[in-house]
Amino acid sequence: MPDYKKLQNGSDIRGVAIAVEGGKPVDLTEAAVRAIGGAFAGWLQSRLGEGAKRISIGRDSRLSGEQLCAWLRDGLSAAGMEVTDFGLCTTPAMFMSTVMEGWEFDGAVMITASHLPFERNGFKFFTAKGGLEKQDIAAILASAGAGDFPAGGAGACSRADFLPAYAELLQKKIRSATGMEQPLFGLRILVDAGNGAGGFFAGKVLAPLGADTTGSLFLTPDGRFPNHAPNPESAAAMDSIRAAVLEHKADFGIIFDTDVDRSSAVDASGREINRNAIVAMAAALIAKDFPGTTVVTDSITSDQLTEYLEKCLGLKHLRFKRGYKNVINKAKELNQNGVDSQLAIETSGHAAYKENYFLDDGAYLATKIVIKTAQLKKAGAGLDVVLSSLEEPKEAIEKRFSINRADFADYGQEILCRLEEWVEREGQQIGASLVSPNYEGVRINFDNEQVKGWCLLRKSLHDPKLPLNVEVTKGSCSDIVRVIDEFLADFDVS
C-alpha cells in the first residue's frame, strides 16, 4: 500500500513532477495522481452527497501541468465525476468557479506549486466553502494510499475557458467602483507575470478599460520560468518590475506569483510596495469603508506597520502566525466571535478580503489598487500618497538557523522556551523584553544605547529551521543577531 502522506504541504499537496539531475525522485507519479483524483471525488461526495459530481480543474504554466491534468482528469472520471478542464487558469479563479453564477461547480482543483522551482508541482482543492484544510488533505492522501475511493465509473470530460469570465468579473468591479466605462484611460500600468498564469490581467482586464500596458513583462506562459522566479518575495523579481516602471514612466506596476494568489506592486517613483508596505496598502484600500476593523497579519510584520494601521488608518492590528491559512482562519474566527475583521494578509502578498470570500487573490488585490489609482488620477494625485505616512525600518534581515536534531520540532520548541526564560531573567540588563501578546515563536523588543528594534525567533512551518527576523530603527541588525547567536551557542544549531 503506497504512502502518500509525504506529499502533504499544509493545506496543499506538493511533490516532484519532473526528474532533474541531482534532484529528488519523482513522487507525483501517474498512479499517485490518479489515486488523488479518485480520493478527492470520494471526499467530496462524503461531504456534499452522491449528487456532487461536477468538478473543474485548471493549471498554471508549469511544464508538467498538462500531464498531471490528464492523469487527474482520468482519476476523477474513473470515480464517476463530470470533469471540466479549464486549461491555463489561476488559483483564485478556480475557487470562483464554485461560486460564480452560471458555473457553480461542486469542487475545483488547481494544479500548481506556487513559486517553487519548475520541477515541482501539486494540487489545491476547493469547494464553495473555500479551500480545504490540513485535515482534509490528510484524509484525501490516506484514502489515495489505501485505494479507498469510488472506482469503475465513466464520468464525462469536457473543456471550457474560464479566465475570460473571471476577467470580466474584475472589469465590472473596476467600472462599478469608478462609474466610468474607460476608467483607466490615460494610465500606464505594467504587469510582470513572471511567465506564470497572470498575463491575462494585462490583456483581459486592464487594456479593455483603457490602460496602456506597454512595457509589461513576461506575460507569455513558460513553465521553465526563464526570466526570474515568479515570486513577489524575490528581490530579482521586484527589481524587474521596478526597472520597467521607471523606464516606461508608468503610473505603477503589478507583479504576480505563478498561480496569482499573491501580488505586490511598485509605484511611479519606484517604491516597492511589498512585505509590510503591501499589508499597509491592502488595509488602506478598505479603511474608509470599515473604520476600526481588525487587520490580521502574520507574525513578522513591523512595529511601524502597527503604528500606521492603528494611528494613521484608525484600524486594529492583530499580529498572528505565519501561514496564509492561519491568518485567514483567524480572521474568520474573529468575525464568528463578533469582532469585525475585513482583511487577513501575509507579508508574502497573500491578501484575503472578507468581501471576496476571504479568498487570497492577487488579481483581486491588484484590482482594488487599480481602482484607487484611477480615483487618485482623477484628483491629480498618484498612488504614492497612500503610503506617505508609513515609516520603514532602518534595516531588516532574516537569518535561518538549522536544527541538527532528528527530533527537530520538539528540540526547536525547547529552544524557544529556554529563550523566553532567558529574556525574562537577563533581559533587563541588555534592554530587552518579551512582546506580549505573541502567537508564534519568541518576539523580543530591544531598546538600549546601542540598538532599538525587535527580533522574532520561530520554528519553520515545515523544515528543521529556526528563522530569525530582525528589524531596527537605531543601530544595526547585527547587534541583535549577535545576542541571539550567543544564546544559541549552547544548542545544537548551525
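Structure: above.
A short tour of the structure in this document, coming up. (Residues numbered from 1 in each chain as written. Predicted model: local features only at pLDDT ≥ 70, side-chain atom pairs only at ≥ 80, totals over all residues. Heavy atoms only, no water.)

**Section: the nonpolar core**
Point 1. The biggest cluster of nonpolar side chains holds 71 residues, and the ones touching the most others in it are F162, Y166, L184, F201, Y308, I369 and L387.
Point 2. When residues of this core are assigned to their parent elements, the largest contribution, eleven residues, is made by helix α8 (residues 276-287).
Point 3. The contact partners of I369, leaving out residues within four places of it in the chain, are F252, I254, A265, I278, M281, L285 and L383.
Point 4. Core analysis: the next-biggest nonpolar cluster, separate from the first, contains 34 residues, V33, A39, F125 and I137 among them. (Core = buried A, V, L, I, M, F, W, Y, C linked by side-chain atoms within 4.5 Å. Buried < 20%, exposed > 50% of the residue type's maximum accessible area, 1.4 Å probe, protein only. Helix = DSSP H or I, 4+ residues; strand = E, 2+ residues; numbered from the N terminus. Contact = heavy atoms within 4.5 Å.)

**A look at empty space enclosed by the protein**
Point 1. Overall, the coordinates contain one cavity of 30 Å³ or more when judged by the stated rule.
Point 2. In this structure, the largest cavity spans a volume of roughly 210 Å³.
Point 3. What lines the largest cavity is a set of 19 residues, and nearest its centre among them are F126, G130, G131, K325 and D360.
Point 4. Of all the elements in the fold, those that place two or more residues in the lining of the largest cavity are α3 (91-96), β6 (120-127), β7 (130-131), α10 (324-336) and β17 (359-360).
Point 5. Counting residues per element, the lining of the largest cavity draws most heavily on α10, which supplies four residues.
Point 6. By residue class, the composition of the lining of the largest cavity is nine nonpolar, four polar and six charged. (1 Å grid on protein atoms, 1.4 Å probe; cavity = no way out; pocket = protein on both sides within 12 Å on 5 of 7 lines; lining within 4 Å. Points joined across faces, edges and corners; volume = space filled by probe spheres on them. Nonpolar A, V, L, I, M, F, W, Y, C, P; charged D, E, K, R; others polar.)

**A word on the packing of aromatic side chains**
Point 1. Under the criterion given, the structure shown has 17 aromatic pairs.
Point 2. Judged by centre distance (6.1 Å) and plane angle (50°), the ring pair of Y166 and F200 falls under tilted. Of this pair, Y166 sits in helix α5 (residues 163-178) while F200 sits in helix α6 (residues 200-206); the two residues are 34 residues apart in sequence, bridging distant segments of the chain.
Point 3. Of the aromatic side chains, those joined through ring pairs into one cluster are F40, W43, F123 and F125.
Point 4. Over the aromatic face of Y353 sits the side chain of K368, whose NZ or CZ is 5.1 Å from the ring centroid.
Point 5. Directly above the ring of W454 sits R443, whose terminal nitrogen or CZ lies 3.6 Å from the centroid. (Phe/Tyr/Trp six-rings, centres within 6.5 Å; stacked < 30°, edge-to-face > 60°. Lys NZ or Arg CZ within 6 Å of the ring centre and 35° of its normal.)

**A word on the sheet that holds strand β12 (residues 272-273)**
Point 1. Read from one edge of the open sheet, four strands run β9-β10-β11-β12, paired in mixed fashion. Edge positions in the sheet fall to β9 (189-192) and β12, since each of these pairs with one other strand and no more.
Point 2. Contacts between helix α7 (residues 235-248) and the sheet are confined to β9, β10 (252-256), β11 (263-267) and β12, with β9 contributing the most and set at about 155° to the helix. (Pairing = 2+ DSSP bridges. Axes fitted to C-alpha atoms, helices over the stretch in contact; angles between N-to-C directions.)

**Structural notes on the side chain of R14**
Point 1. Looking at the element boundaries, R14 is found in strand β2 (residues 12-16).
Point 2. There is a polar contact of 3.4 Å between the side chain of R14 and the side chain of D12. (Polar contact = N/O pair within 3.5 Å; in protein donor to acceptor, adjacent residues only side chain to side chain.)

**Topic: the pattern of salt bridges**
Point 1. Per the counting criterion, the structure on display carries 33 salt bridges.
Point 2. Linking R34 and E30 is a salt bridge whose minimum nitrogen-to-oxygen distance equals 3.0 Å. Here R34 pairs with E30, and both are found in helix α1 (residues 30-48), just four residues apart, close to one helical turn.
Point 3. The exposure class of R34 is partly exposed, given its relative accessible area of 32%.
Point 4. Take E30: its relative accessible area is 36%, and that puts it in the partly exposed class.
Point 5. Between D212 and R188 there is a salt bridge whose closest N-O contact spans 2.8 Å. Taken together, the positions of D212 in the loop between α6 and α7 and R188 in the loop between α5 and β9 put the pair 24 residues apart, joining distant regions of the chain.
Point 6. Beyond isolated ion pairs, a larger network of salt bridges with shared partners links E233, D257, R262 and R275. (Salt bridge = Lys/Arg side-chain N within 4 Å of Asp/Glu carboxyl O.)

By themselves these figures say nothing about function.
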